[in-house]
Amino acid sequence: MSDFWILLTGSLVAACCGIVGVFLVLRKMAMIGDAISHSVMPGIVIAFLLSGSRDSMLMMSAALLFGLITTFLIGLMQRTGIQSDASIGVVFTALFAIGVILVSLFARQVHLDQDAILYGEIAFVHWNIWELGGVNMGPKAVWLLGFTLVVIIAVISLFYKQFKLASFDPALAAAVGIPVAFFHYLLMGLVSMATVSSFESVGAILVVGLLIIPPSTAYLLTDRLGVMLGLSVAVGVAGTFLGYGASVLLDASIAGCMVVAVAVLFAAAFLFSPSQGLVVTKLRQRRLAAQAAIASVQKQ
Amino acid sequence: MKTLDKLHQHGAGGVKAPSGATSPLSVSGLSVAYQKKPVLRDVTFEVNEGELIGVIGPNGAGKSTMMKAALGLIPSISGEVLVYGKPCSEQRRLIGYVPQRESVDWDFPTNALDVVLMGTYGRLGWIRRPGAKEKAEAMECLRKVGMADYADRQISQLSGGQQQRVFLARALVQNAKLYFMDEPFAGVDAATEKAIITLLQELKKNGKTVIVVHHDLATVQQYFDSVLLLNVELKGFGPTSRVFTQDMLQHTYGGRLAFLDHTIAAGATEAHGGVSL
Ligand SMILES: Nc1ncnc2c1ncn2[C@@H]1O[C@H](COP(=O)(O)OP(=O)(O)OP(=O)(O)O)[C@@H](O)[C@H]1O
Ligand SMILES: [Mg+2]
């Protein structure tokens, strides 16, 4: 049974991250995903301290709040002329460091373990069960991730055209009256939700891999946004299954194997993608060169 | 007291620009600064309906900035912009915009038809998706710019001139009354330039007002009814025959254009048979 829950949790993480990650990658904001995944940490710890429990809804709200604060601070610094990578670096390391201090100060009260935050504990996901009126409803993480996935799918499909235009051509989006800033923060809210629901399972560092690698893989394989979203989820889910299989064989970290598995899929797409793959392009060029050579020989 | 002030301002504005209510675009006292130094200073002008207007000035003169500020895309430090007598935020449906081609990422996973469809997003409101009707309109506009055969082509696989045509088709599908076009002629060949100017003239014939950032001084007299000379400040605005003179250009470009007389002379002869103003 634990296999099933681990695979389901991993797939849900991959789906949540895969969808919002597509828009991060297309808007060249991959590192904002990194920043948010780290700087939600103080929010999570504060929520623990306030409630004394791992209440998911409170954690979610606190993480959302910190995700938006991060985005806002980074935007503010960029607008005043600070380099964008420097702004991101300053904001997220500072917030993450506050989180580290809080964990070290209050670790005993909140039963938080730094390793769990950084690397996740997907192996134990089926131990943390949600009981409703004495009935076993399954792992809490699955419910939390399922809820997040529903919200993400609902918001993205409802405002698909706004997200698309704001990503491709924000100037035109603003010119036709789409509130670009609102959709920016909405997307960042979704990224924060995806991050905080995922971090318990895969940790704050590896979640970045799932936010960025599957969309980047999908980007190599298609030139349609809709297809890219689907492929991104598919790559993430495939990585979950391959990674879990590998982790059982090697007896190694599940989350680590998952991220390595999606990275391997990325490498495969990078080499063999039919349109842009390195190997395929080289082969095609060689074939064309050969044809040209034959043609010139025949002419003579 | 406040009300009085307001009334007073209102009255003054009315006196200063009596036709302000009907002009497609009336800009007064517009100043913009990105950091400390203003890149646009106190720009005031008012365009006539149904004209093709060329915006001319050196690189970094603030031409793109002026368009963006007029569209409300970037904040201005002072000034007022009215589109058909109202703030442009209330007139979005009347405005079409063609940004500079380099302003978007052409590797974005989408095709030509899809980019044109984006021109319909504004009128679709919050929830509605483009449907068969919008697709047909977008195809029609692609056909008008001679790009119908490329509808399914991934946009990175289009040439620069073809990308520019797709952008133009997207502006056409917006079906606006006032168009802002930022360098639609940049990097296109003679045939494409001809196709684009024909389209612009057709728009004009249909009563649209088109404001175009343009760099090729040799074709200014041929293309535009009015010219707006810009270099941080407004250096001149009015009918091409009156404003597009060597003196005014020297004033705008600051003595850097020794070849100007040739340009204007050549443009004048070229324009002689064709466009009369
Ligand atoms: N986002 C920005 N942040 C800071 N400064 C900017 C920004 N965009 C433009 N500028 C500056 O404002 C000035 C005007 O730029 P703008 O792009 O409006 O010029 P332009 O007339 O369109 O030039 P070009 O002919 O090269 O397109 C330039 O000096 C430029 O460096
Ligand atoms: Mg410009």
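Right above here is the structure, for reference.
Residues numbered from 1 in each chain as written. Chains lettered and ligands numbered in written order. Predicted model: local features only at pLDDT ≥ 70, side-chain atom pairs only at ≥ 80, totals over all residues. Heavy atoms only, no water.

## Here we look at the overall build of chain A
Line of reasoning, step 1. When you go through chain A residue by residue, the secondary structure sums to 13 helices and 2 strands.
Line of reasoning, step 2. By the compact-globule yardstick of 19 Å for 300 residues, chain A fits well, its C-alpha radius of gyration being 21 Å.
Line of reasoning, step 3. With the C-alpha coordinates of chain A rotated into their principal frame, the extents come out at 85 × 50 × 35 Å.
Line of reasoning, step 4. Residues classed as buried in chain A amount to 51% of the 300 residues present.
Line of reasoning, step 5. Relative to all contacts within chain A whose residues are 6 or more apart in sequence, the contacts with residues 24 or more apart total 72%.
Line of reasoning, step 6. Taken as a whole, chain A presents about 13400 Å² of accessible surface, with 71% of it coming from carbon and sulfur.
Line of reasoning, step 7. Within chain A, one finds 14 positive and 12 negative side-chain charges whose respective centroids are separated by 20 Å. (Helix = DSSP H or I, 4+ residues; strand = E, 2+ residues; numbered from the N terminus. Rg over C-alpha atoms; globule rule 2.2 N^0.38 Å. Buried < 20%, exposed > 50% of the residue type's maximum accessible area, 1.4 Å probe, protein only. Contact = heavy atoms within 4.5 Å. Areas by Shrake-Rupley, 256 points an atom, 1.4 Å probe, with all protein chains shown as cover. Lys, Arg positive; Asp, Glu negative; His and termini not counted. Charge placed at Lys NZ, Arg CZ, Asp CG, Glu CD.)

## Quick word on helix α7 (residues 140-158) of chain A
Line of reasoning, step 1. Taking 1.5 Å per residue as the helical rise, α7 of chain A with its 19 residues ought to reach 27 Å, and the 27 Å between its terminal C-alpha atoms agrees with that figure.
Line of reasoning, step 2. Those residues of α7 of chain A that fall on the buried side of the exposure criterion are Ala141, Val142, Leu144, Leu145, Thr148, Leu149, Ile152, Val155 and Ile156 of chain A. (Expected span 1.5 Å × (residues − 1).)

## With respect to the pattern of salt bridges
Line of reasoning, step 1. Scanning the model with the defined rule gives 9 salt bridges over all chains in all.
Line of reasoning, step 2. Of the charged contacts in the structure, one is a salt bridge between Lys164 of chain A and Asp114 of chain B, with a shortest N-O distance of 2.4 Å. You can see Lys164 of chain A sitting in helix α8 (residues 160-168) and its partner Asp114 of chain B sitting in helix α3 (residues 112-117), one on each of two chains. A single burial state applies to Lys164 of chain A and to Asp114 of chain B, both of which are buried.
Line of reasoning, step 3. Glu137 of chain B is paired through a salt bridge with Arg123 of chain B; the nearest N and O atoms lie 2.9 Å apart. Placement of Glu137 of chain B in helix α5 (residues 132-144) and of Arg123 of chain B in helix α4 (residues 121-124) is noted, with a sequence separation of 14 residues between them.
Line of reasoning, step 4. Given a relative accessible area of 24%, Glu137 of chain B falls into the partly exposed group.
Line of reasoning, step 5. Residue classification places Arg123 of chain B among the partly exposed positions, given a relative accessible area of 25%.
Line of reasoning, step 6. In the salt-bridge network here, residues are joined through shared partners; they are Arg41, Glu233 and Lys235 of chain B. (Salt bridge = Lys/Arg side-chain N within 4 Å of Asp/Glu carboxyl O.)

## Examining the environment of Phe72 of chain A
Residue and element names in this part refer to chain A.
Line of reasoning, step 1. Tracing the backbone shows Phe72 in helix α4 (residues 56-79).
Line of reasoning, step 2. Taking the relative accessible area as the measure of exposure, Phe72 reaches 42% and is therefore partly exposed.
Line of reasoning, step 3. Along the backbone, Phe72 and Tyr185 are 113 residues apart, and their C-alpha atoms lie at a distance of 8.4 Å.

## Remarks on the coordination of the magnesium ion (ligand 2)
All names here are of chain B.
Line of reasoning, step 1. Protein coordination of the magnesium ion (ligand 2) is provided by Ser64 (OG) and Gln100 (OE1), with donor distances spanning 1.9 to 2.5 Å. Residue Ser64 is located in helix α2 (residues 63-70), and its partner Gln100 is located in the loop between β6 (95-98) and α3; the two are separated by 36 residues in the primary sequence.
Line of reasoning, step 2. When its relative accessible area of 17% is taken as the criterion, Ser64 is described as buried.
Line of reasoning, step 3. Classification of Gln100 by relative accessible area gives partly exposed; the value is 22%. (Donors = N, O, S within 2.8 Å, 3.2 Å for Na, K, Ca; no water.)

## Describing the interface of chain B and chain A
How large an interface is tends to be reported as the accessible area lost when its parts come together.
Line of reasoning, step 1. Counting residues at the interface gives 29 residues for chain B and 28 residues for chain A.
Line of reasoning, step 2. Together, the buried faces of chain B and chain A total about 2700 Å²; carbon and sulfur atoms form 63% of this surface.
Line of reasoning, step 3. Its largest share of buried area at the contact with chain A, chain B owes to Phe108, Pro109 and Trp126 of chain B, together 26% of the area lost on that side.
Line of reasoning, step 4. Linking chain B to chain A there are 3 salt bridges.
Line of reasoning, step 5. For the interface between chain B and chain A, the tally reads 13 residue pairs in polar contact (both at pLDDT 80 or more). (Buried area = accessible area lost by both parts, 1.4 Å probe. Polar contact = N/O pair within 3.5 Å; in protein donor to acceptor, adjacent residues only side chain to side chain.)

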